[in-house]
Amino acid sequence: MSKKKRKNEPEIADKSAADYYKLKTDAVERLVNTENAPEVSDAEISRYTAKKKHRIPAWLKIVFVKFWFAGAVCYFFLWGLGMYLHGIELMVVLAIGLGVVTDLMTNRILRRFEPTERAFDKWMMVTVRQFWSIFVNVIYSGVVLYCVFRTYYVINMLMGVNPDVSHTEEEAMLGVEPILFGLFYLGFDMLLILVKNTLIKIFRDAEKKVGSNGK
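Residues numbered from 1 in each chain as written. Predicted model: local features only at pLDDT ≥ 70, side-chain atom pairs only at ≥ 80, totals over all residues. Heavy atoms only, no water.

1. Overview of helix H5 (residues 133-158)
Alright, step 1. Given a rise of 1.5 Å per residue, 26 residues ought to cover 38 Å, and the 38 Å separating the end C-alpha atoms of H5 matches this to within 8%.
Alright, step 2. Among all positions of H5, only Ser133, Ile134, Asn137, Val138, Tyr140, Ser141, Val144, Leu145, Val148, Thr151, Tyr152 and Asn156 are buried.
Alright, step 3. Gly160 sits one or two positions beyond H5 and adopts a positive phi of about 85°. (Helix = DSSP H or I, 4+ residues; strand = E, 2+ residues; numbered from the N terminus. Expected span 1.5 Å × (residues − 1). Buried < 20%, exposed > 50% of the residue type's maximum accessible area, 1.4 Å probe, protein only.)

Next comes the structure, spelled out in structure tokens:
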């Protein structure tokens, strides 16, 4: 009797394995042919498919890109053209340079980092993707640039140095250089974008309340 059982053991094992794989294939077919399956967003899928090891946070990439390009514009435009242009002319050139770089380089690089389309719009002031967005970015850069230079002016006044008059070498006037300029520009840029996003959220919440009350 024991020998007969041993002979039947491979047949039982083969049968159980066949049943197992049959159940697996049936489950896959049911899953593929499901018509009413809930839709899953790209952001949800990326949470499980993206590699998490040694991954740089997205916000750190965005902050660095914005800071680096602002400092680069200061280096090439302010330091490079500072001996030829002065006053309002230099401010206009800087605003144009910052706006063009923001539209054609900074924002485009940020869009390449996006896990899903328009995921990083909350990090941009101008989210329109049209040819005329460059003009809006130039105007916006002029506003941020004005805030940056007013900050330099106030800091120097608090230090007891009047930027409007000539000063001696003993007076430590805070000058404009790429690193601090990039940090100031980044700070005001993020502040204004935060204000914009907050206002958008307030208006959207108000619209939802009005829509729910109308129903």
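2. Concerning the packing of aromatic side chains
Alright, step 1. One pass over the full model with this rule turns up 7 aromatic pairs.
Alright, step 2. Between Phe149 and Tyr152 the ring centres are 6.3 Å apart and the planes differ by 40°, which places this aromatic pair in the tilted class. Separated by 3 residues within a single helix, Phe149 and Tyr152 lie in helix H5, roughly one turn from each other.
Alright, step 3. Residue Phe149 is classed as partly exposed on the basis of its relative accessible area, which comes to 23%.
Alright, step 4. Positioned above the aromatic ring of Phe113 is the side chain of Lys61, whose terminal nitrogen or guanidinium carbon lies 5.3 Å from the ring centre.
Alright, step 5. Positioned above the aromatic ring of Tyr153, the side-chain terminus of Arg150 is 4.8 Å from the ring centre. (Phe/Tyr/Trp six-rings, centres within 6.5 Å; stacked < 30°, edge-to-face > 60°. Lys NZ or Arg CZ within 6 Å of the ring centre and 35° of its normal.)

3. A few points about the environment of Trp132
Alright, step 1. Considering the arrangement of structural elements, one finds Trp132 in the loop between helix H4 (87-113) and H5.
Alright, step 2. Judged by relative accessible area, which is 38%, Trp132 ranks as partly exposed.
Alright, step 3. In sequence terms Trp132 and Asp103 are 29 residues apart; their C-alpha atoms lie 9.9 Å from each other.

4. So, unusual backbone geometry
Alright, step 1. Positive phi values are uncommon outside glycine, yet Arg118 reaches one of about 65°.
Alright, step 2. Within the fold, Arg118 resides in the loop between H4 and H5.

5. Observations regarding the nonpolar core
Alright, step 1. Leu94, Leu98, Leu145, Val148, Phe181 and Tyr185 are the most contacted members of the largest nonpolar core, which has 24 residues in total.
Alright, step 2. Elements supplying a minimum of two residues to this core: helix H3 (58-81), H4, H5 and helix H6 (178-214).
Alright, step 3. With 7 residues, H3 is the single largest residue contributor to this core.
Alright, step 4. If we ignore the near neighbours within four places in the chain, the residues touching Phe181 are Ala70, Cys74, Leu98, Leu145, Val148, Phe149, Tyr152 and Val176. (Core = buried A, V, L, I, M, F, W, Y, C linked by side-chain atoms within 4.5 Å. Contact = heavy atoms within 4.5 Å.)

6. Focus: the packing of H4 against H5
Alright, step 1. Contact geometry of H4 with H5 gives a least axis separation of 7 Å together with a crossing angle of 125°. In terms of axis orientation, H4 runs oblique to H5. In this structure, the crossing between H4 and H5 has a hand that is right-handed. Contacts from Met91, Leu94, Ala95, Ile96, Leu98, Gly99, Val100, Thr102, Asp103, Leu104 and Asn107 in H4 reach Ser133, Ile134, Asn137, Val138, Ser141, Gly142, Leu145, Tyr146 and Phe149 in H5.
Alright, step 2. Tallied by class, residues from the contact of H4 with H5 come to 12 nonpolar, 7 polar and 1 charged. (Axes fitted to C-alpha atoms, helices over the stretch in contact; angles between N-to-C directions. Parallel < 35°, antiparallel > 145°, perpendicular 65-115°, else oblique. Left-handed = near helix turned anticlockwise from the far one by under 90°. Nonpolar A, V, L, I, M, F, W, Y, C, P; charged D, E, K, R; others polar.)

7. A look at the packing of H3 against H4
Alright, step 1. Two numbers describe how H3 lies on H4: the axes approach to 10 Å, and their chain directions differ by 150°. In terms of orientation, H3 lies roughly antiparallel with respect to H4. Taken as a pair, H3 and H4 cross one another with a handedness that is right-handed. Residues Lys61, Ile62, Val65, Lys66, Phe69, Ala70, Val73, Phe77, Leu78 and Leu81 of H3 lie in contact with H4, whose contacting residues are Leu90, Val93, Leu94, Gly97, Leu98, Val101, Met105, Thr106, Ile109, Leu110 and Phe113.
Alright, step 2. Split by residue class, the contact of H3 with H4 holds 17 nonpolar, 2 polar and 2 charged.

8. Considering the confidence of the model for the protein chain
Alright, step 1. Of the residues in the protein chain, 69% reach a pLDDT of 70 or more, and the chain-wide mean stands at 81.
Alright, step 2. Within the protein chain, helix H1 (residues 2-32) has the poorest average pLDDT of any element, 54, and H5 the best, 95.
Alright, step 3. Note on residues 1-5: pLDDT under 50 across the span, and 0 contacts to partners over four residues away in sequence or across chains. (pLDDT = per-residue confidence, 0-100.)

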